[in-house]
Every structure is written in C-alpha cells, then in structure tokens.
Amino acid sequence: MAVDVVQERHRPGALKQQNKAHKHGRHRSKGSISNAVKGRTSAKVFTKKARHELRKEERRNKAIQLRQKKREEILFKKRSLGGASTAPFLIAIVPLCDDVDPLGALEFLKQGDEEAVVTQSSGGNVHISIPRLKQRFTIMVPPRGDLYCTLDAMKVADTALLLVSSCQQNGVDEVGEQLLKASFAQGLPSTIVAVMDLESLPPKKRHDAKQNLQKAISRWLPDEKILTLSRSYDGLTILRRAGSQKQRVVVHRDKRPHLVAEVADYTPDSEGSLGTLKVSGYIRGQPLSVNSLVHIPGWGDFQMSRIEAPEDPHPLEKGRKLSKDNDMSVDDRIEEDVKILETADPAKQVSLQSENIPDPMEGEQTWPTEEELAEAEEESKAQKRRVKKVPKGMSDYQAAWIPDSDAEIEDEDDDEEEDGMNVDMEAMSEGNSSEGDESKEEEEEYDTLTVTDVGADAERYDEKMDVAEEEETLKKIKEARMEQLFPDERDTPKDTPARIRFQKYRGLQSFRTSPWDPKENLPLDYARIFQFENFDRTRKRVMKDEDREGALAGWYVTLHIIGVPQHLYNSRRLKQPIVLFGMLSHEQKMSVLNFVIKQPNFGNHDQQPIKSKEQLIFHCGYRRFKACPVFSQHTNGTKHKYERFFQPEATVVATVFAPIIFPPSPVLVFKEKKDNTQELVGTGNLLSVNPDRIITKRVVLSGHPFKVHKRSAVIRFMFFNREDISWFKPVELRTKYGRRGHIREPLGTHGHMKCVFDGQLKSQDTVLMNLYKRVFPKWTYEPYVTLPPPLYSSLPGGHDVNMD
C-alpha cells in the first residue's frame with residue numbers, strides 16, 4: 001500500500017536577511033508614496049496651510065525687499081556723516097612711534113586741497129571742509145603718549161589715523177604697542193595706516209622698507225594697506241579714503257549719544273565749589289534728551305539744564321549758514337544766533353541718585369493686633385499637645401519644670417538644624433605661608449672689563465629698586481605657586497578648634513546640584529543696590545532706537561551741564577579732549593557687575609598673578625573707576641568657585657559693586673604701580689549685572705591614612721580633637737585617588753577617626769574634606785581715577801595745534 005508523503009514548503013523566520021533595495025536614482029512615484037502611507041494623514045499638511053508657504057515669485061520678491069532694505073540702511077549710515085547738515089567725519093591722529101610728528105601729518109591734511117575751508121575751534125580740533133567732495137572732516141590730535149587721552153579719543157572717533165615709522169624695525173615702538181593693545185580691547189574704529197618718514201631713506205631702500213612695514217603691521221591689522229604721507233596731495237588721498245571707507249561698528253558707542261567738545265566754558269556758582277559747564281559740539285550716535293544724564297569720563301554723571309542750537313561755525317562752504325530745520329524759509333532762518341531747543345523739566349528729569357536708601361525698620365516685628373492674638377490662640381488649640389509622664393498629684397505648675405527629655409512628644413521633628421555653620425563672625429586669619437628659597441641677585445653687564453668702583457654702581461642700581469616691593473612680589477608668586485600645586489588646601493589650626501575656625505563654612509553633597517539660596521545671609525551693602533526683575537527684558541526695551549527723543553544726531557548744539565565740581569575742571573591737562581556720553585536709563589544706579597577678563601599676551605613680558613580683592617582700575621565702556629574685585633571661575637551652573645589669584649593665561653570673572661551699564665561693553669583692567677604708572681593686566685567684556693551670582697570659597701582639609709582595613713581606615717592629622725570630628729561628621733569625604741566615604745566615629749581624643757570608603761584605600765592616598773562658604777564683594781567703588789603720567793617721559797605736556 002502506497003503512502004503519499006506531503007512535504008511542507010520552507011517558510012523564512014524573523015531573522016532572515018533583508019538586503020537593501022537597489023538605488024536606481026529615481027524619485028518615488030505618487031502611487032508608491034500613497035501605498036506606503038496607507039491612508040494616514042501627516043500633521044504637517046495643516047501647519048503648511050496656516051504657515052502659507054511662499055511661491056517662487058513671492059520668495060523672489062521677499063529677497064528683493066530684504067536686499068533693498070539692507071542697501072538703504074547702508075546708504076543711510078554712509079550719508080549720516082560728513083555732509084553739509086550732518087556731523088563731520090571725526091579723525092583721531094595717533095602716532096605709534098616717538099619719532100613721528102602728528103602735527104606734520106595734520107599740516108599735510110590741511111594742505112591737501114587748495115579749495116578746502118580750514119577752521120579751528122577753541123578746543124584745539126581742526127575742521128577741514130572740501131566743497132568738491134561735499135564732505136567735512138574734524139581732526140583731533142590727542143597728546144602724544146597720553147594713554148587716557150588716546151583712549152577717550154578712540155571712544156568717539158570714526159577713523160583712527162595710525163602713524164608708523166620706517167626707522168623702527170616693526171614700525172611701532174613699545175609705547176605704540178601698549179596703545180594698540182588697549183585700543184583693540186576697547187573697540188577700535190575704522191583705521192588708516194600711514195608712514196611719514198619714508199622719503200628720508202635712499203630711493204633703492206624705500207620699497208623694501210615699505211614691504212617690511214606692511215608685513216609687521218599685518219599682524220595687527222591684516223586688511224590694512226599702508227599709505228604714504230609725505231606730500232600735500234597724500235593728505236587729500238587720506239581724507240578721500242576716510243570719507244569713503246566702511247565704518248566699523250562699535251556697539252557700545254553707536255547705541256548712545258556722544259559728543260566731542262569743540263568749545264568748553266566753565267562758570268562757577270556763587271559758592272565756588274560747583275559750576276555750570278557749557279560744551280558745544282556735534283551730537284553723534286543717537287538723539288540726546290535734556291532730561292537724561294550725561295557722563296564725562298573721569299569726572300562723573302551730571303544733569304543738564306538746557307540745550308541750545310547756535311549756528312554751525314564750520315560750514316561746508318564759506319558764508320553758508322546751516323539750520324536745524326531744512327523746511328524753514330530763508331526769512332524764518334534770519335533769527336538770533338542762539339536758539340533754545342529744550343529746557344529741563346524737573347518732573348521728567350532723571351535723578352542722580354545712585355544708591356538705594358534702605359529702610360532701617362524694614363523686617364522689624366511690630367506689636368500684634370487683637371485679631372492676630374485671637375488667630376494665634378486658635379492655632380495653638382489646634383496643635384497637638386505634649387504628653388509628659390508625671391507623678392500623681394502633681395500640679396500643672398510643677399509638671400512644667402520636668403525636662404522635655406522625660407516627656408513623650410507627639411508630632412515633633414527629631415532633626416535639629418546646625419546653627420554653628422551660619423554664625424556671623426569674622427574668620428580668623430589663615431596661617432602664614434612657608435618661606436621658600438631666597439631670590440637670586442641679577443648680574444650686571446658692563447661695556448668694559450675694568451671697573452673702577454663696583455660698590456658705587458651697585459648703590460646706584462639699588463637706589464632704583466624698591467626692596468619692599470620685591471619681597472612682596474616674591475611672596476605673592478610663592479603663594480600663587482602653592483595655590484596651583486595644592487588648590488584650596490589649608491592646614492587645620494592646632495590652637496583653635498576647627499568648628500570655630502570654619503564655622504561659616506558648610507558641606508555640600510554635590511557642588512553642581514546641591515541647592516543654595518542666593519538671598520541667604522546677604523550683607524548690608526546689598527540693601528544699597530538695585531536689581532532688575534528681568535535684566536534681558538529691560539535691556540531690550542532700553543536699547544531700542546525708535547523711542548529716543550531730543551536733539552538729533554548731526555546737530556551742532558550747546559549743552560549746559562550743571563553741578564560740575566570746579567577742581568575737576570581745573571585738573572584738566574593741556575589739550576585733553578572733553579568727551580561726553582549720554583547715559584541710558586538706570587545706568588547711574590549701583591548694582592553688582594560681573595566681568596569676564598583674561599590677561600593679554602605680552603610676549604616675553606613677565607606676567608605676575610593678581611591677588612583677589614586687590615585694587616584695580618576698570619575701564620568699562622565709557623566709564624572708568626577703581627574697585628577691589630572678587631575673582632571666580634567662568635563656568636556654567638548656579639555656583640561658581642572663588643579664585644584666590646588671577647593667574648596668567650587664565651580666564652576669570654571679576655565681581656564688583658559699580659554703576660549699571662548695559663552690555664555689550666568692553667572692559668580694560670589696569671593696575672596702578674607705586675610710581676603712578678598703569679599697566680594693562682586684563683581685557684574682556686561685561687558678562688552680566690546680577691547680584692544673585694553665588695561665589696563660593698572652598699577650603700580643603702587634608703588627612704592621611706594611619707591604618708587601613710579593607711574599606712575602613714583610621715585617618716589622622718585632619719582634626720586634633722574629638723569635638724571637631726563629631727561636628728564635621730555629616731560632611732562627605734573624598735580622596736585624591738577618587739574614593740568617597742564618610743566619618744564613622746572618633747577614636748581617642750587627639751583627632752584620630754575611623755572612616756568608611758567605597759573601596760579599599762591605598763596607603764599613599766590623601767583624604768580630603770571640602771567646605772564651602774559664600775563670598776561677597778566689598779564696597780570699594782571709587783569713581784575718580786588719577787590720570788597716569790605720559791608714556792613718553794620726554795613729553796610731559798600735550799601738543800599745541802597752531803593754524804599758522
């Protein structure tokens with residue numbers, strides 16, 4: 001009998017290999033897409049209808065409109081300077097070498113065009129009007145080698161004419177490099193580089209000398225081509241270049257109204273200490289309102305009484321009178337020379353109050369009212385009562401004397417807060433740093449081998465050396481080096497209990513995630529400052545341009561500034577320019593400013609560390625002041641570690657009490673030496689205006705293993721008494737090899753303690769305990785800064801600009 005055998009067909013499993021389909025390069029058809037979608041509807045279809053996708057013609061039209069808008073903005077910026085009814089191009093001549101004469105360059109500019117109209121203001125600025133170019137230029141020459149005058153001129157200049165020398169190897173000497181570094185950090189305007197003494201070289205060497213200069217200047221200004229300024233027609237070339245080049249955007253300057261004083265007149269009041277300063281000049285940047293405040297760098301903030309509009313003394317053509325209102329007829333323009341534009345309104349005028357006046361009774365408890373007493377009685381009845389075990393027959397008065405430890409308490413927390421960590425007491429002075437090796441004496445090099453009197457030369461050399469300053473610098477370098485090798489490590493004092501020495505410190509389970517209230521235990525100085533609810537929103541509202549009112553940019557006006565101290569006006573140097581900046585809202589109020597700074601690269605210069613809370617000079621935007629900053633790390637998160645030193649090649653955040661200024665704003669940091677000279681030690685920008693920035697100082701206590709038993713170990717030399725171990729028992733421990741642990745119990749009375757870790761401890765490991773406390777800046781703000789001496793010792797004064 002035959003049996004039919006039925007063979008089942010092989011079916012592939014779930015792990016069958018699926019090869020990729022061949023990419024034939026064709027697009028998917030509508031049928032294949034509909035089959036893959038299987039009737040599902042994408043949500044993007046509905047959003048596209050609401051978004052109204054532009055067609056090809058609409059996209060092209062939108063691109064044309066955007067291009068036209070940008071073109072109009074560029075043309076408006078170009079036409080807002082140098083015209084007949086606008087402010088002239090402001091050119092600052094800055095020599096970068098001692099053997100370059102800026103007055104000679106000014107003469108070439110004045111003689112560039114025979115038809116040019118050349119006038120001079122009483123402030124020393126020279127005005128050149130060229131009718132055939134339809135442009136006007138204002139030339140200002142700050143005193144050569146004067147750092148502050150050069151920086152003030154660079155703050156408001158549209159173009160900086162940098163003069164280099166072919167006699168120098170790099171075209172720039174040491175003083176010129178300092179001026180360039182400070183100008184770059186502050187914000188350099190549009191630049192023109194020119195060489196004047198190229199004709200003094202032989203004709204065959206001029207081309208190579210110019211090429212070498214171009215190569216040397218390219219490391220500072222890679223896009224600038226060096227021009228020659230040795231004849232009169234070279235001056236016209238430079239003026240034409242200044243009037244047609246693209247203006248570099250300097251945000252902190254263009255967002256505020258500013259003015260260079262062409263005429264300055266001071267009238268003291270009846271008392272004599274204060275007076276009124278009348279300043280005439282062209283308004284630049286933004287409109288200036290009489291009710292706002294103005295700031296004079298180095299002098300302070302002031303109010304204005306009125307703004308006048310005299311006739312422009314430097315017209316484009318001779319005999320032409322310019323008017324602020326171009327729509328007025330000729331008959332209406334024939335008026336008196338001075339016209340009052342605005343007068344201050346006391347109701348709208350911004351106050352000079354910079355500090356908040358705290359209420360001494362704020363937060364004080366008053367006597368409770370009857371309603372509050374009744375409320376308290378009801379709450380006390382609702383609370384759970386204490387149950388005590390007392391002998392029978394004892395009255396309530398006798399039961400009240402029984403200690404609470406003998407009572408049974410319901411609904412009571414067992415954990416108590418440790419108040420010793422937050423006691424407001426001054427921390428005791430830290431131990432003196434160990435003395436290192438003595439410094440080596442420098443060897444003198446002489447031209448001849450025979451020296452008659454070695455002792456006399458040594459004495460003359462020692463007369464120029466300050467021994468106390470040398471010892472202080474050596475001590476600071478040693479402390480900074482120890483801080484780099486052993487960051488934040490401190491020795492526990494033997495004569496003072498650690499719970500008292502570090503009573504203001506606390507332990508954190510995680511520096512990144514552990515909470516810390518920014519309003520906790522604030523000093524009294526924080527009651528004197530102002531704080532924004534939302535700083536970014538206020539900044540956007542203040543920086544808007546369309547809400548500005550007042551005298552428009554380009555007008556020639558006279559400002560009456562009241563309340564100017566007479567000693568400030570008398571301390572003005574010869575030919576020192578007076579620069580004014582219109583302040584934005586809230587910029588006269590005090591707050592906490594945070595600057596991101598780093599030390600500039602000085603090449604072979606010996607950079608020294610700067611200790612925290614050391615007095616420095618800050619140039620923040622248009623303002624300069626003295627303060628003692630607190631340094632911290634520039635990191636993300638809510639807490640930032642305090643830095644004891646500002647190390648070379650490091651980036652830190654400096655926190656100070658200072659008036660508010662809105663970013664972006666460049667920052668220059670100078671250090672004043674004992675001979676009143678100033679050294680640039682830091683550059684950066686304004687990070688934020690935030691009093692809630694938490695700066696935590698870390699102290700690391702170290703101990704050493706005495707006995708190791710697998711995961712447990714006996715640690716010594718971290719503390720020296722039993723009470724300190726019990727006090728710091730909740731704080732977590734860590735080791736330099738990455739172990740973590742905690743204190744189990746104290747052993748004996750001399751500071752030995754038993755600790756448990758997450759792994760076996762090595763005998764060469766070091767046990768560390770991190771303690772933190774918040775650090776606040778001190779109120780060390782000083783608005784007046786002494787002017788440093790000129791960088792060129794042979795030039796104690798400024799240059800006198802003569803028209804003849």
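Reading guide: rules and limits
Residues numbered from 1 in each chain as written. Predicted model: local features only at pLDDT ≥ 70, side-chain atom pairs only at ≥ 80, totals over all residues. Heavy atoms only, no water. Helix = DSSP H or I, 4+ residues; strand = E, 2+ residues; numbered from the N terminus. Contact = heavy atoms within 4.5 Å. Areas by Shrake-Rupley, 256 points an atom, 1.4 Å probe, with all protein chains shown as cover. 1 Å grid on protein atoms, 1.4 Å probe; cavity = no way out; pocket = protein on both sides within 12 Å on 5 of 7 lines; lining within 4 Å. Points joined across faces, edges and corners; volume = space filled by probe spheres on them. Buried < 20%, exposed > 50% of the residue type's maximum accessible area, 1.4 Å probe, protein only. Polar contact = N/O pair within 3.5 Å; in protein donor to acceptor, adjacent residues only side chain to side chain. Core = buried A, V, L, I, M, F, W, Y, C linked by side-chain atoms within 4.5 Å. Phe/Tyr/Trp six-rings, centres within 6.5 Å; stacked < 30°, edge-to-face > 60°. Lys NZ or Arg CZ within 6 Å of the ring centre and 35° of its normal. Salt bridge = Lys/Arg side-chain N within 4 Å of Asp/Glu carboxyl O. Patch = residues over 30% accessible without salt bridge, like charges linked within 9 Å, V, L, I, M, F, W, Y side chains within 5 Å. Lys, Arg positive; Asp, Glu negative; His and termini not counted. Charge placed at Lys NZ, Arg CZ, Asp CG, Glu CD. Axes fitted to C-alpha atoms, helices over the stretch in contact; angles between N-to-C directions. Left-handed = near helix turned anticlockwise from the far one by under 90°. Nonpolar A, V, L, I, M, F, W, Y, C, P; charged D, E, K, R; others polar. Pairing = 2+ DSSP bridges. pLDDT = per-residue confidence, 0-100. Right-handed = clockwise from strand over helix to strand, strands pointing away.

Trainee: I'd like a description of the overall build of the protein chain, backed by residues and values.
Mentor: Secondary structure summary: the protein chain contains 18 helices and 34 strands in total. Looking at the protein chain alone, contacts between residues at least 24 apart form 77% of all its contacts between residues at least 6 apart. Carbon and sulfur atoms make up 48% of the accessible area of the protein chain, which amounts to about 48800 Å² in all.

Trainee: Can you lay out the environment of Leu687 for me, pointing to particular residues and giving the numbers?
Mentor: By the element assignment, Leu687 lies in strand S28 (residues 678-689). Between the C-alpha atom of Leu687 and that of His634, which follows or precedes it by 53 residues, the distance is 9.8 Å. Those residues in contact with Leu687 that lie beyond four places of it in its chain are Asn594, Phe595, Val596, His634, Val653 and Arg693.

Trainee: Please set out empty space enclosed by the protein residue by residue, giving values where relevant.
Mentor: Under the counting rule described, the total for this entry stands at 5 cavities of 30 Å³ or more. Lining the second largest cavity we find Asp152, Ile296, Pro297, Trp299, Arg572, Gln576, Pro577, Ile578, Val579 and Arg624.

Trainee: So what's going on with helix H4 (residues 102-110)? Which residues, and what values?
Mentor: Along H4, the residues that are buried comprise Pro102, Gly104, Ala105, Leu106, Leu109 and Lys110. Taking the backbone nitrogen of Leu103 as reference, a side-chain oxygen 3.2 Å away marks Asp101 as the first, capping residue of H4.

Trainee: Run through the nonpolar core, naming residues and quoting values.
Mentor: In terms of nonpolar packing, the biggest core is built from 47 residues, with Phe595, Ile597, Phe618, Phe625 and Phe631 touching the most fellow members. Those residues in contact with Phe625, other than ones at most four positions away along the chain, are Phe595, Leu616, Ile617, Phe618, Cys620, Val656, Ala658, Tyr781, Glu782, Pro783 and Val785.

Trainee: Explain the packing of aromatic side chains residue by residue, including any values.
Mentor: Scanning the model with the defined rule gives 19 aromatic pairs in all. Seen from their ring centres, Tyr266 and Tyr569 are 5.0 Å apart, and the 15 degrees between their planes marks the pair as stacked. Pair noted here: Tyr266 is in strand S9 (residues 263-268) and Tyr569 is in helix H17 (residues 566-570), with a separation of 303 residues, a long-range link. Centroid distance Phe581 to Tyr622: 5.6 Å. Interplanar angle 20 degrees. Geometry classified as stacked. Taken as a pair, Phe581 in strand S18 (residues 579-582) and Tyr622 in the loop between strand S21 (616-620) and strand S22 (623-627) lie far apart in primary sequence, 41 residues in all. Taken as a pair, Phe581 and Tyr622 share a single burial class, namely buried. Every member of this aromatic cluster is reached through a ring pair, and the members are Tyr526, Phe657, Phe776 and Trp779. Its end group placed over the ring of Trp779, Arg528 keeps NZ or CZ at 3.8 Å from the ring centre. We note Lys589 situated over the ring of Phe530; from NZ or CZ to the ring centre the distance is 5.1 Å.

Trainee: For the environment of Ser280, give the residues involved together with the corresponding values.
Mentor: Relative to the helices and strands, Ser280 resides in strand S10 (residues 274-284). Between the C-alpha atoms of Ser280 and His560, which are 280 residues apart in sequence, the distance is 9.1 Å. Filtering out sequence-adjacent residues up to four positions away, Ser280 remains in contact with Val260, Ala261, Glu262, Val263, Tyr556, Val557 and Thr558. Here Thr558 takes part through its side chain, which lies 2.8 Å from a polar atom of the side chain of Ser280.

Trainee: Hey, could you go over the pattern of salt bridges for me, with residue numbers and the actual values?
Mentor: Following the criterion strictly, the structure yields 26 salt bridges and no others. In this structure, the salt-bridge partner of Glu224 is Arg241, at a minimum N-O distance of 3.5 Å. Within this pair, whereas Glu224 is found in the loop between helix H7 (203-217) and strand S7 (227-228), its partner Arg241 is found in helix H8 (residues 232-244), the two being separated by 17 residues in sequence. For Glu224, a relative accessible area of 11% corresponds to the buried category. Through salt bridges with shared partners, one network takes in Asp152, Lys155 and Arg624.

Trainee: How would you explain a negative patch on the surface if you had to name every residue and give the values?
Mentor: A contiguous patch of negative charge on the surface is contributed by Glu370, Glu371, Glu372, Glu375, Glu377, Glu378 and Glu379. As for its position among the elements, Glu378 is in helix H11 (residues 370-382). Here Glu378 falls in the exposed class, since its relative accessible area comes to 58%.

Trainee: I'd like to hear about the packing of helix H5 (residues 147-156) against helix H6 (residues 174-186), residue by residue, with values.
Mentor: Relative to each other, H5 and H6 sit at 35 degrees, their axes nearing to 10 Å. The chirality of how H5 crosses H6 is right-handed. Within the contact between the two elements, H5 uses Leu147, Thr150, Leu151, Met154 and Lys155 and H6 uses Leu179, Ala182, Ser183 and Gln186. Of the residues belonging to the contact of H5 with H6, the class tally is 5 nonpolar, 3 polar and 1 charged.

Trainee: Describe unusual backbone geometry, listing the residues and the values that go with them.
Mentor: Here the amide bond leading from Pro663 into Pro664 is cis, since omega sits at 0 degrees, within 30 degrees of zero. With respect to the helices, strands and loops of the structure, Pro664 is situated in the loop between strand S26 (651-659) and strand S27 (666-672). Even without a glycine there, the phi angle at Lys134 is positive, about 55 degrees. Tracing the chain through its elements places Lys134 in the loop between strand S3 (126-130) and strand S4 (135-140). Positive phi, normally seen in glycine, also occurs at Lys613, with a value near 70 degrees.

Trainee: With reference to specific residues and values, describe the sheet that holds strand S1 (residues 89-95).
Mentor: Strand order across the open sheet formed by 7 strands is S2-S3-S4-S1-S5-S6-S7, with mixed pairing between neighbours. Two strands bound the open sheet, and with one partner strand each, they are strand S2 (117-120) and S7. As judged from the 2 bridges shared by strand S6 (residues 190-195) and S7, these two strands associate in the parallel manner. For Ala194, the partnering residue across the bridge sits in S7 and is Leu227. Lying over the sheet, H5 contacts S1, S4 and strand S5 (159-164), oriented at roughly 150 degrees with respect to S1.

Trainee: Any chance you could break down the confidence of the model for the protein chain for me, citing the residues and the numbers?
Mentor: Parts of the prediction with low pLDDT should not have their coordinates interpreted in detail. Averaged over all residues, the pLDDT of the protein chain equals 79, while 79% of them reach at least 70. Below a pLDDT of 50 lies the segment residues 322-336, which in the model reaches 14 contacts outside its immediate sequence neighbourhood of four places, other chains included. Long-range and interchain partners of residues 405-454, a stretch whose pLDDT sits below 50, account for 50 contacts in this model, where long-range means more than four residues apart.

Trainee: Explain the pairing of S10 to me, and be specific about the residues and the numbers.
Mentor: Of all 11 residues in S10, 9 are buried, a share of seventy percent or more. Inspection of the sheet shows strand S8 (residues 258-260) paired to S10 by 2 bridges, in the antiparallel sense. Note on S10: the bridge partner recorded for Leu259 is Ile283. Across 6 bridges, the pairing between S9 and S10 is antiparallel. Residue pairing across strands places Asp265 opposite Lys278, the latter belonging to S10. Joining the antiparallel neighbours S9 and S10 is a turn of 5 residues, in which Gly272 adopts a positive phi near 105 degrees. Sheet analysis places S10 next to strand S17 (residues 556-565), joined by 8 bridges and oriented antiparallel. The residue of S17 that forms the bridge with Lys278 is His560.

Trainee: Just give me the short version of the pairing of S5, but keep the residues and values in it.
Mentor: The buried count for S5 comes to 6 of 6 residues, which makes it a mostly enclosed element. Every second residue of S5 is oriented toward a common face, with Thr159, Leu161 and Leu163 on one face and Ala160, Leu162 and Val164 on the other, all of them buried. Bridge count between S5 and S6: 6 bridges; the pairing is parallel. Across the sheet, residue Ala160 finds its bridge partner in S6, namely Thr191. For the crossover that starts at S5, traverses H6 and ends in the parallel S6, the hand is right-handed.

Trainee: Any chance you could break down the side chain of Lys589 for me, citing the residues and the numbers?
Mentor: Of note, Lys589 is situated in the loop between S18 and strand S19 (590-598). An unpaired buried charge is present at Lys589: no salt bridge exists, and Asp301, the closest side chain of opposite charge, is 12 Å distant. What Lys589 contacts, discounting residues up to four positions off in sequence, is Gln353, Ser354, Phe530, Ala658, Pro659 and Ile660.

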